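# Report on the structure
The residues making up each chain are set out below.
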Amino acid sequence: MERREGISKLLGRELYIDDVPMDRGLWGATVRSPSPRGRIREVRFSPDVNWDEFVVVDHRDIPGENHVWLIESDQPVLAADSVRHVHEPVVLLAHHSREMVHRAVRSVEVIVDPAPPVLDFRLPPGADGIQHGTDNVFSHIVIRKGDVDAALADAPVVIEGTYETGAQEHVYLENQGMVAWIDGDVVVVKGSLQCPYYVHAALTHGLGRAEDRVRVIQSPTGGGFGGKEEYPSVLALHVALLALKAGAPVKMIYDRPEDMAATTKRHPAWIRHRTGVDLDGRLLAQAVEVVFDGGAYVTLSPVVLSRGLIHAGGPYACDNVRIDGRAVLTNSVPFGAFRGFGAPQTIFAVERQMDKIAEELGMDPVELRRMNLIREGQSTATGQIIRDGADRLEVLDRALDLSAYREKQEEHARFNAAHEDLRRGVGLSTYFHGAGFTGGGEVHLSSVAKVEARPDGRIEVLTSNIEMGQGTLTIFTQIASESLGLEPDDVVIAEADTFRVPNSGPTVASRTVMVVGRLIEKACADLVAKLGDSDLRGPDLKQAIVDWYRKHSGGVLDGAARYEPPPGTSWDEDSYRGDAYGAFAWGACVVEVEVDLRTLGTRVLDVVAVQEVGKVLNELLARGQIQGGVVQAIGWALMEECVWSDGAMVNNQLTNYMIPTSDDVPPIRVDFLEAPYAHGTGGAKGIGELPVDGPAPAVAAAIEAATGTHPRVIPVTPERLMELYDGA
Amino acid sequence: MRVLMPDTLEEAYGMLAAEPLTPVAGGTDLLAHWPGNHDARKRAYLDLSGVSGLRFMHWGDEALTLGGLTTYSDVIWDSRVVEEFPLLADAGGQVGSIQIQARGTWAGNIANGSPAADGVPVLMAYDAVVVLGSEEGDQEVLLADFYLGYKKMRLRAHQLIRAIRLPRREYDFQRFVKVGARNAQAITKIGVALTRSEERWRVVVNSMAPTVRRCPALEAMLDEDRPVSGPEDLLTAIREDLAPIDDIRSTAAYREKTLARVLYFDLKGVCPSFA
Ligand SMILES: Cc1cc2nc3c(=O)[nH]c(=O)nc-3n(C[C@H](O)[C@H](O)[C@H](O)COP(=O)(O)OP(=O)(O)OC[C@H]3O[C@@H](n4cnc5c(N)ncnc54)[C@H](O)[C@@H]3O)c2cc1C
């Protein structure tokens, strides 16, 4: 099947929000805090600018509540008295000229009486650093299974390790951007975003408007990776406030430096493991401490932490587990959603810990994993019993076979002996990823999808799930056309416009195909049932629709479905026990690297990623997801480093924040195993995030095999590796 | 913004003599600094792209001469250059990306004056001479003497780099190594060009001082066959010749050590004094 929007993207015809012409509109821009923490003493407008030409908005112009609606109400839309991070928005400006408004930003000075900032999330804050509750802890979650202390005390061997992962910038191709205008008594916001109804809720709260007086429309979105999950709510509020005050359309487009400096990134993490094992390598106890840097406001940190913790034990069976995690405040630009949502961090740590255990026991890391991988009927850290028919050992073995892991090890021994300045090594990881919202999240969302027949026999699919490059339009077309026996051209996917589409939840958490796709299937069945013959398909169905409309002029033939949890699942939010996810997908990754001992630079020579994903619905899209995720993880592992000053990124240009180019990644070899999931579309489980979980620890393991160093902090930049190597 | 578009060198010289103008060759450096700098748009530019006879490669008995508009691609795809001056193709092929190599010029790389310029070390290691043209006639400056300090050079406002001349010699060793944070589109952290001709070494390093520069202390070590038994033995000379800093892209310590390792490993089989 052809990609729905493929040709228009290829030909440059797709209109991203910055491409939409603005005839009589204004351009908006943001004046931000220069300081990480303090009281705003004064906002000084330079007398050299004629401010009458500008629309100026500050916190006093906010008609609703001055906070960005999310988990907690702590993040102001615009700072009022105090600031908590550099780049915190304080004043908004709009002007007819894009250039003038950006110049004017530099003529507004925010003067802050500084207070001592908290900048290192790994250290306990001093008394003068407390800004949230009594301890700056945004969220504290403990997962308990069995008796960890007793098991650690009894274990023949206890192994400790501490691991750290850095922030990561999303680097979506299209920067954040939005337009707002007033249509009668409705505020309309259109822009680049993943979650139309999050933005809608933020606007109703912040603008103090009824739900039907706010309309949110997604424009073609050039990448998100989580970066357009919660942040667009902030920008939407800003652009709407300006449009309301101006009484005219306003467009705000961040340029790359502003986007990189002022918006969210992946949470930095510090993770400590103490693992009790027997002499054969069987896991007896896992005690894990996790700290995530939340940045200055709560945003999504509690749920990122939650997912991180649920994955922190890895895909292994262990009877005694305690995972104790906190997300804490620092005076940094808030961290947020990023593909993987906390799991890549904790999986990096547990996989490195598995390698450490193997080394200390003198065991083969493959055999250690093989012994401990969850078998059918065993349970995860939250006590979720896994009985999904997936063969996790086969996933591992397939990766070993495809990568020729053993042969490579032998080959590397010869290669390394023959070369003075080059070292090769191979590394492995096994991992898992739960798809959909955590615990009762999907029940709480209670998503609805709709399909509507058109008088000409075509079917329109209405959901709030969006295309951002990952293939939603195509896969939804495929799901609807296959369930109805129609041609792809007979399926139309509705624009994600909150005036038309129901709330089928956000486009996050690898849930679009698995959860919403299933709702589309059910909605299609609902529609067909209304025609009186549930077996109608293809041309017969089309004809029946046409006939229906002839008979019911003015009527609408539609179908709908609301989410229902898979039967027999249960989750207890208070004890953090039960079925954290409807399904887990399973992965194994083998990475081969070459390290140049002159520069300590690492080149990735080969990657094999094998995953069990229930069912592959569209092989091309699925491969694309895996390959893209692997590249993103390689970047995170090796080169993507945010350089900080006062809690703000200072290498905020693409020249100085390095992501891999096509010259930096080898062909990525992908293979799938399938054990259909009864409650996913056509048996599918989520796959969007899984591929980001595995490569980083495998890269580090490969570097370890090549150099004899023990990388426990990523990114393993050449600078960092040289220190390890020279210290070793 | 004004753009003047001369057809001939004489015309260009005349325009330059009349008012301050910023020459534009490939525009790849100028463009990179463009959007943030509103004042740049008020400047007047001299577009060299239409000037005839400025993009050439001329082989004389004594020298190869590159024109003021000769690009990296021109050189990379010329088999004769690749054979006789392989470092030009090595370095050119590591500049930015294929698109940048197609537009970027050697003269622009020189005149931009970046300490991280990748074209300059190899030219300098071949003892290139910069030919500066103006209404007053040509002036020749050895590239090794061209830079005076950070972004300061012997190029006056009314002059253009008209050509770059490379003497033809026999080399028994030539190497260029670029160390960047990734394989393409990377600003150099450490770069070094090495040549040896008639027992004389040239060691030219970029990104480790305010300008690209030759390294006399290292050259002397090599010329005199002083014994080197590991990378550490090169550090004193490196510190004498260069002044690396900690910046957003790397650290001084990493730069020094990496240069020492590159020199050591790459010269080990070449210099008998390296053990
Ligand atoms: C994406 C990207 C990647 C890059 N990667 C690299 C890299 O890896 N390595 C590297 O070294 N550089 C790199 N550059 C910088 C740039 O491409 C090179 O320095 C290139 O050689 C500049 O040549 P140009 O013809 O484009 O110069 P222009 O931009 O046209 O000019 C550069 C400067 O030289 C002056 N000038 C140009 N020609 C003359 C002349 N004949 N006489 C007098 N003055 C002149 C101009 O006035 C200007 O000040 C990169 C640039 C970009 C945009």
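Refer to the structure presented above.
Residues numbered from 1 in each chain as written. Chains lettered and ligands numbered in written order. Predicted model: local features only at pLDDT ≥ 70, side-chain atom pairs only at ≥ 80, totals over all residues. Heavy atoms only, no water.

### Examining the overall build of chain A
Basically, it comes down to this: Only DSSP runs of H or I covering at least 4 residues are called helices, and only runs of E covering at least 2 are called strands; the numbering of each starts at the N terminus. Only C-alpha atoms enter the radius of gyration; for comparison, a globular chain is expected to reach 2.2 Å times N to the power 0.38, where N is the number of residues. Accessible area is worked out with a 1.4 Å probe on protein chains only. A residue is then buried under 20% of its type maximum, exposed over 50%, and partly exposed in between.
Helix and strand counts for chain A come out as 19 helices and 28 strands. Against the 2.2 N^0.38 benchmark of 27 Å for 728 residues, chain A shows a C-alpha radius of gyration of 26 Å, consistent with a compact globule. With respect to the three principal axes, the spread of C-alpha positions in chain A is 75 × 70 × 50 Å. Within chain A, buried positions represent 63% of all 728 residues.

### Remarks on the nonpolar core
A general trend in soluble globular proteins is that nonpolar side chains are found buried together. So the rule is basically this: Put simply, buried Ala, Val, Leu, Ile, Met, Phe, Trp, Tyr and Cys residues joined by side-chain atoms within 4.5 Å make one nonpolar core. Contacts are assigned to residue pairs with any non-hydrogen atoms lying within 4.5 Å of each other.
Judged by nonpolar contacts, the single largest core of 135 residues is most densely connected at B:Val192, B:Leu234, B:Ile238, B:Leu259, B:Leu263 and B:Leu267. Ranked by residues supplied to this core, first place goes to strand β23 (residues 583–596) of chain A with nine residues. Residues in contact with B:Leu263, not counting those within four places in the same chain, are B:Val192, B:Leu194, B:Leu218, B:Leu234, B:Ile238 and B:Phe274. Counting 37 residues, the second largest nonpolar core, distinct from the first, contains B:Leu87, B:Val122, B:Tyr126 and B:Ile164.

### Quick look at empty space enclosed by the protein
Residues and elements named next belong to chain A. Note the following rule: Here a cavity is any set of points on a 1 Å grid over the protein atoms alone where a 1.4 Å probe fits but cannot get out, and a pocket is any open set with protein on both sides within 12 Å along at least 5 of 7 lines; a residue lines the site when it has an atom within 4 Å of a point. Grid points are joined across faces, edges and corners, and a volume is the space filled by probe spheres set on the points. All residues other than Ala, Val, Leu, Ile, Met, Phe, Trp, Tyr, Cys, Pro, Asp, Glu, Lys and Arg, Gly among them, are scored as polar; the first ten of these are nonpolar and the last four charged.
Counted under the stated rule, the structure contains three cavities of 30 Å³ or more. As a volume, the largest cavity reaches approximately 130 Å³. Together, 15 residues line the largest cavity, and Gln 75, Tyr 231, Val 234, Ala 262 and Pro 334 are the ones closest to its centre. Considering only residue class, the lining of the largest cavity consists of eight nonpolar, five polar and two charged. Each pocket or cavity is described by its volume, and for the second largest cavity that value is around 60 Å³. Lys 145, Gln 286, Ile 310, His 311, Gly 313, Gly 314, Tyr 316, Cys 318, Val 321, Thr 380, Ala 381 and Phe 432 together form the lining of the second largest cavity. For the lining of the second largest cavity, a count of residues per class yields six nonpolar, five polar and one charged.

### Digging into the interface of chain B and chain A
Going by this rule: By convention, the term buried area covers the 1.4 Å-probe accessible surface removed from two parts as they join, with the contributions of both added. We define a salt bridge as a contact between a side-chain nitrogen of Lys or Arg and a carboxyl oxygen of Asp or Glu at a distance within 4 Å. Think of a polar contact as two N or O atoms within 3.5 Å of one another; within protein, one of them needs to be a possible hydrogen donor and the other a possible acceptor, and neighboring residues in sequence only count if both atoms come from side chains.
In this complex, chain B contributes 23 residues to the contact, which on the side of chain A involves 27 residues. Between chain B and chain A, the buried area comes to about 2,200 Å², and carbon and sulfur atoms account for 53% of it. Of all residues in chain B, B:Arg182, B:Ile248 and B:Arg261 bury the most surface against chain A, accounting for 29% of the area lost on that side. Remark: the boundary between chain B and chain A carries five salt bridges. Across the salt bridge formed by A:Arg598 and B:Asp266, the nearest N and O atoms sit 2.8 Å from each other. Across the chain B-chain A interface, the total number found is twelve residue pairs in polar contact (both at pLDDT 80 or more). Looking at the side of chain B that touches chain A, the elements with two or more residues in it are β11 (173–179) and α11 (252–267) of chain B. Looking at the side of chain B that touches chain A, the element that brings in the most residues is α11(B), giving seven residues.

### Thoughts on a negative patch on the surface
To keep it simple, the criterion reads: Patches here are clusters of residues that have more than 30% relative accessible area and form no salt bridge, with a 9 Å joining cutoff for like charges and a 5 Å cutoff for nonpolar side chains (Val, Leu, Ile, Met, Phe, Trp, Tyr). For the area figures, the Shrake-Rupley method with a 1.4 Å probe applies, and any residue is considered shielded solely by the protein chains shown. Note that His is not counted, nor are the chain ends; the positive residues are Lys and Arg, and the negative ones are Asp and Glu. Lys charges are placed at NZ, Arg charges at CZ, Asp charges at CG and Glu charges at CD.
Together, A:Asp401, A:Glu407, A:Glu410 and A:Glu411 give the surface a local cluster of negative charge. Residue position: A:Glu411 is located in helix α11 (residues 405–418).

### Concerning the pattern of salt bridges
Residues and elements named next belong to chain A. The tally for this structure, following the rule as stated, stands at 73 salt bridges over all chains. The closest approach of N and O atoms between Glu 5 and Lys 9, which form a salt bridge, is 2.8 Å. Among the salt bridges present, the one from Lys 530 reaches Asp 558, with a minimum N-O distance of 3.0 Å. In this pair, Lys 530 is assigned in the loop between α14 (512–529) and α15 (538–551) and Asp 558 in strand β20 (residues 558–562), connecting sequence segments 28 residues apart. Of the residues examined, Lys 530 reaches a relative accessible area of 44% and is grouped as partly exposed. Beyond isolated ion pairs, a larger network of salt bridges with shared partners links Glu 351, Arg 352, Asp 355, Arg 369 and Glu 704.

### Thoughts on the sheet that holds strand β2 (residues 38–45) of chain A
All names here are of chain A. Definition in use: When DSSP finds two or more bridges between a pair of strands, those strands are recorded as paired.
Pairing is antiparallel across the open sheet formed by three strands, whose spatial order is β4-β2-β6. One side of each edge strand has no neighbouring strand; the edge strands of this open sheet are β4 (82–83) and β6 (108–114). Where β2 and β6 come together, seven bridges link them in antiparallel fashion. When the bridges of β6 are listed, Arg 44 appears paired with Glu 109.

### Things to note about helix α1 (residues 9–18) of chain B
All names here are of chain B. Short version of the rule: Our arc is simply the arc of the directions from the helix axis toward the C-beta atoms.
Here α1 has its buried residues at Leu 9, Ala 12, Tyr 13 and Leu 16. Projected down its long axis, α1 carries its buried residues within an arc of 100 degrees, all on one side. Relative to its buried face, α1 has exposed residues pointing more than 90 degrees away, namely Glu 10 and Ala 18. Looking at the packing, one finds that the buried side of α1 touches β3 (44–47), β6 (129–133) and β10 (160–167).

### Points about the packing of helix α8 (residues 343–361) of chain A against helix α9 (residues 365–372) of chain A
Residue and element names in this part refer to chain A. Note the following rule: Axis definition: a line fitted to C-alpha atoms, limited for helices to the stretch in contact. Angles are taken between N-to-C directions and run from 0 to 180 degrees. Any angle that falls under 35 degrees is termed roughly parallel, while one over 145 is termed roughly antiparallel, one within 65 to 115 roughly perpendicular, and all others oblique. For any helix crossing, the convention is left-handed if the near helix is rotated counterclockwise from the far helix by under a right angle, and right-handed if that rotation is clockwise.
Two elements in contact, α8 and α9, have axes whose closest approach is 9 Å; the angle formed by their N-to-C orientations is 115 degrees. Comparing their axes, α9 and α8 come out roughly perpendicular. Between α8 and α9 lies a crossing of right-handed hand. Where α8 approaches α9, its residues Glu 351, Met 354, Asp 355, Ile 357 and Ala 358 are matched on the opposing element by Pro 365, Leu 368, Arg 369 and Asn 372. Here the residues of the contact of α8 with α9 are counted per class, giving five nonpolar, one polar and three charged.

### Observations regarding the site of the ligand
Residue and element names in this part refer to chain B. Definition in use: One heavy atom within 4 Å of a molecule or strand makes the whole residue count as near it.
By nearness alone, 30 residues border the ligand, and Pro 23, Thr 28, Asp 29, Tyr 72 and Thr 105 come closest of all. One of the backbone nitrogen or oxygen atoms of Ile 161 is found 2.9 Å away from a nitrogen atom of the ligand. Between the ligand and Lys 178 there is a distance of 3.0 Å, counted from an oxygen atom to a side-chain nitrogen or oxygen. Protein chains shield 86% of the accessible area of the ligand, which is 980 Å² for the free molecule.

### Section: α9(A)
Residues and elements named next belong to chain A. Buried residues of α9: Val 366, Leu 368, Arg 369 and Asn 372, and no others. Down the axis of α9, the buried side of the element spans an arc of 165 degrees, and every buried residue falls inside it. The inward-facing, buried residues of α9 contact β14 (283–295), α8, α10 (392–403), α11 and β16 (422–435).

### Describing unusual backbone geometry
That bond from A:Ile714 to A:Pro715 is cis: its omega, 5 degrees, falls within 30 degrees of zero. By the secondary structure assignment, A:Pro715 is in the loop between β28 (713–714) and α19 (718–727). The phi torsion at A:His87 lies on the positive side, around 75 degrees, for a residue other than glycine. For A:His87, the location among the structural elements is in the loop between β4 and β5 (89–95). Despite not being glycine, B:Gln185 shows a phi value in the positive range, around 50 degrees. As for its position among the elements, B:Gln185 is in the loop between β11 and β12 (190–197).

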